[in-house]
Amino acid sequence: MKGLVGAAVLMALLAALVVYSPADSPWSGVKERLEEAGGTTYEETATQGERMALFLSNLLGENLQADENSGSAPGAGTVETEVPKGTGDWEMAGVSLGDSVEEMEAARGEAKDVQAGNYSFDWHIYYKDKYEQYAQYGVQDGRVVALYSNQQTWQDAEGNGWGTGRDTIRETYGESIETVARGNIRTETNEQQQGVYEVEDGYATFFYDIHEENRVNALLLVDKEVERNSSFYAGESEEVRESYEQLVWHLTNAQRVQLGRDTLAYNDSVAAVARAHSENMAENQFFDHVNPEGQNPFDRLERDGIGYMQAAENIASGQRSPLYAAAGWMNSYEGHREAMLGNYDGLGVGVAFDEENRPFYTQNFVSPSRE
């Protein structure tokens, strides 16, 4: 229904645009108000119709595309998928904690990608077609020791899964653990956005979507000993940096597909701009879209010769891994979520670490995406 309402409103506004000058149009001031909301910065699109489509997309939470001929705008919704069964009480797209590599590959085939993380294992990343059935499996010593997905690919023994309400999770598991010991560090849990529980198989972290009635949006399940012996931050290395950048891209696409959006192509040229900004923040210890040289995201893109019709930027710092950075952006009230789900077709990600191994993340979204 919301998509139909959005299409009708868009048609009416597009028809009215011809009588407004740019200074007097309904778009006037919207860009500035979105920027003032913080977190994400928006650039005007090239045409009046595209400007209004971008505005309504962020207003309605729908993926709207302006049709200059008819004024139509298709909506998008959550993707419903069947959850395959695994071999244990916890299964994720056919794979359970404790499965052997052979069992994992029998269920899912060859991994689409393998990336390092802040744990002692590598993430084996799986998805079908355009990021459907997305899941990450942590493999150590020939066994699956971690599961993660931000899609409808898993369920526990009680039938809880993606979309289950926070109250139901608490009824099933009780109150969330307040602190978790990782190595010689104890970390506090944000109980409004996450629920952490010690279960038979390991530590389960349920990520809640505060914009969708506090329903479960993702699950991270890690073997107890692996979690307890993990470090909070990964040590800085070129491998970890590149892995974090790729993981942010994978997580963004998986989230977009689950919520009915199109995937984003990875843009290496845009990634170079994002990485330079993360490096600047890490080296000079600031956290802002505007760097000490006074350049905003659009200045930096234009400086490197990158053209676009619309663009946006997300930044984050201090999250122990891309899983938490992506979850934080999705739960933001300040525009990050709109960028994650916005009308772009290209993404570049840059990650850098400061002297304390604290990561700085930058996402730059562009449309159209040109190398």
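Here is a short report on the structure shown in this document. Given the structure is predicted, the values throughout are model-derived calculations rather than measurements. (Residues numbered from 1 in each chain as written. Predicted model: local features only at pLDDT ≥ 70, side-chain atom pairs only at ≥ 80, totals over all residues. Heavy atoms only, no water.)

Digging into the overall build of the chain
- When its secondary structure is counted, the chain shows 11 helices and 17 strands.
- Within the chain, buried positions represent 54% of all 371 residues.
- The long-range fraction of contacts in the chain, counting pairs at least 24 apart against all pairs at least 6 apart in sequence, stands at 62%. (Helix = DSSP H or I, 4+ residues; strand = E, 2+ residues; numbered from the N terminus. Buried < 20%, exposed > 50% of the residue type's maximum accessible area, 1.4 Å probe, protein only. Contact = heavy atoms within 4.5 Å.)

Brief notes about the pattern of salt bridges
- Under the defined criterion, the tally for this structure stands at 14 salt bridges.
- Measuring nitrogen to oxygen at the nearest pair gives 3.2 Å for the salt bridge that ties Arg 215 to Glu 213.
- Under the relative-accessibility criterion, Arg 215 is labelled partly exposed at 38%.
- Across the pair Glu 313 and Arg 300 runs a salt bridge whose closest N-O atoms are separated by 3.0 Å. Of the two residues, Glu 313 sits in strand β15 (residues 310-317) while Arg 300 sits in helix α9 (residues 297-303), which places them 13 residues apart along the sequence. By the burial criterion, Glu 313 is buried, and Arg 300 matches it. (Salt bridge = Lys/Arg side-chain N within 4 Å of Asp/Glu carboxyl O.)

Considerations on the environment of Val 349
- As for its placement among the helices and strands, Val 349 is situated in strand β16 (residues 346-353).
- A sequence separation of 15 residues divides Val 349 from Asn 364, and the C-alpha atoms of the two residues are 6.4 Å apart.
- Sequence-distant contacts of Val 349, defined by excluding residues within four places in its chain, comprise Glu 245, Val 248, Trp 249, Tyr 266, Ala 271, Ala 274, Arg 275, Thr 362 and Gln 363.

Considerations on the packing of aromatic side chains
- Counted under the stated rule, the structure contains 19 aromatic pairs.
- Centre to centre, the rings of Tyr 244 and Tyr 361 are 6.3 Å apart; their planes meet at 5 degrees, and the pair counts as stacked. One end of the pair, Tyr 244, is in helix α7 (residues 238-258); the other, Tyr 361, is in strand β17 (residues 359-367), and 117 residues separate them in sequence. By the burial criterion, Tyr 244 is buried, and Tyr 361 matches it.
- Taken together through their ring pairs, the aromatic side chains of Tyr 127, Tyr 131, Tyr 134, Trp 249 and Tyr 266 make up a single cluster.
- The ring of Tyr 208 carries the charged tip of Arg 166 above its face, separated from the ring centre by 5.9 Å. (Phe/Tyr/Trp six-rings, centres within 6.5 Å; stacked < 30°, edge-to-face > 60°. Lys NZ or Arg CZ within 6 Å of the ring centre and 35° of its normal.)

Thoughts on the side chain of Asp 156
- Relative to the helices and strands, Asp 156 resides in the loop between β8 (154-155) and α5 (166-173).
- Taking the relative accessible area as the measure of exposure, Asp 156 reaches 2% and is therefore buried.
- Engagement of the side chain of Asp 156 in a polar contact is seen with the backbone nitrogen of Gly 159, the distance being 2.9 Å. (Polar contact = N/O pair within 3.5 Å; in protein donor to acceptor, adjacent residues only side chain to side chain.)

Comments concerning the pairing of strand β5 (residues 122-128)
- With 5 of 7 residues buried, β5 lies mostly within the body of the structure.
- Hairpin geometry of strand β4 (residues 113-115) and β5 is characterised by an intervening segment of 6 residues between the two adjacent antiparallel strands.
- Relative to strand β6 (residues 132-140), β5 is paired through 6 bridges, and the arrangement is antiparallel. Looking at β6, one finds that Lys 128 is bridged to Glu 132.
- Taking the residues that link successive antiparallel strands as the turn, the β5-β6 hairpin has 3 residues, and the phi of Asp 129 there is positive, at about 50 degrees. (Pairing = 2+ DSSP bridges.)

Focus: the packing of α7 against helix α10 (residues 322-330)
- Axis separation between α7 and α10 bottoms out at 9 Å; the angle between their running directions is 40 degrees. With respect to α10, the axis of α7 lies oblique. For the element pair α7 and α10, the recorded crossing hand is right-handed. Seen from α7, the contacting residues are Tyr 244, Leu 247, Val 248, Leu 251 and Gln 255; seen from α10, they are Pro 322, Leu 323, Ala 326, Trp 329 and Met 330.
- In terms of residue class, the contact of α7 with α10 is made up of 9 nonpolar, 1 polar and no charged. (Axes fitted to C-alpha atoms, helices over the stretch in contact; angles between N-to-C directions. Parallel < 35°, antiparallel > 145°, perpendicular 65-115°, else oblique. Left-handed = near helix turned anticlockwise from the far one by under 90°. Nonpolar A, V, L, I, M, F, W, Y, C, P; charged D, E, K, R; others polar.)

A look at the environment of Asn 118
- On the secondary structure map, Asn 118 appears in the loop between β4 and β5.
- What makes Asn 118 buried here is its relative accessible area of 5%.
- In the structure, Asn 118 is positioned 118 residues away from Glu 236 in sequence and 9.9 Å away in space, judged by C-alpha atoms.
- Ignoring sequence-local partners within four residues, the contact set of Asn 118 consists of Ser 231, Phe 232, Ala 234, Tyr 244, Arg 320 and Ser 321.

Let's talk about the sheet that holds β8
- The sheet built from 3 strands is open, its strands ordered β3-β2-β8 with antiparallel pairing. A single partner strand is all that each edge strand has here, and the edge strands are β3 (95-96) and β8.
- Pairing of strand β2 (residues 91-92) with β3, which is carried by 2 bridges, proceeds in the antiparallel orientation. Among the inter-strand pairings, Met 92 is bridged to a residue of β3, identified as Val 95.

Details of the nonpolar core
- Counting 71 residues, the largest nonpolar core has Trp 123, Tyr 137, Phe 206 and Leu 220 as the members making the most contacts within it.
- Tallying contributions element by element places α7 first for this core, with 8 residues.
- Looking at which domains feed residues into this core, each of domain 1 (91-229) and domain 2 (238-368) supplies at least three.
- Counting 8 residues, the second largest nonpolar core, distinct from the first, contains Val 270, Val 273, Ala 311 and Val 366. (Core = buried A, V, L, I, M, F, W, Y, C linked by side-chain atoms within 4.5 Å. Domains from an automatic or database assignment.)

Here's the deal with helix α8 (residues 268-284)
- Over its 17 residues, α8 runs 24 Å from end to end, which matches the ideal 24 Å to within 8%, given 1.5 Å per residue.
- Buried within α8 we find Val 270, Ala 271, Val 273, Ala 274, His 277, Ser 278, Asn 280, Met 281 and Ala 282.
- Capping of α8 at its N-terminal end is provided by Asn 267; its side-chain oxygen lies 3.0 Å from the backbone amide nitrogen of Ser 269.
- Of the residues one or two after α8, Gln 285 is the one with positive phi, at around 50 degrees. (Expected span 1.5 Å × (residues − 1).)

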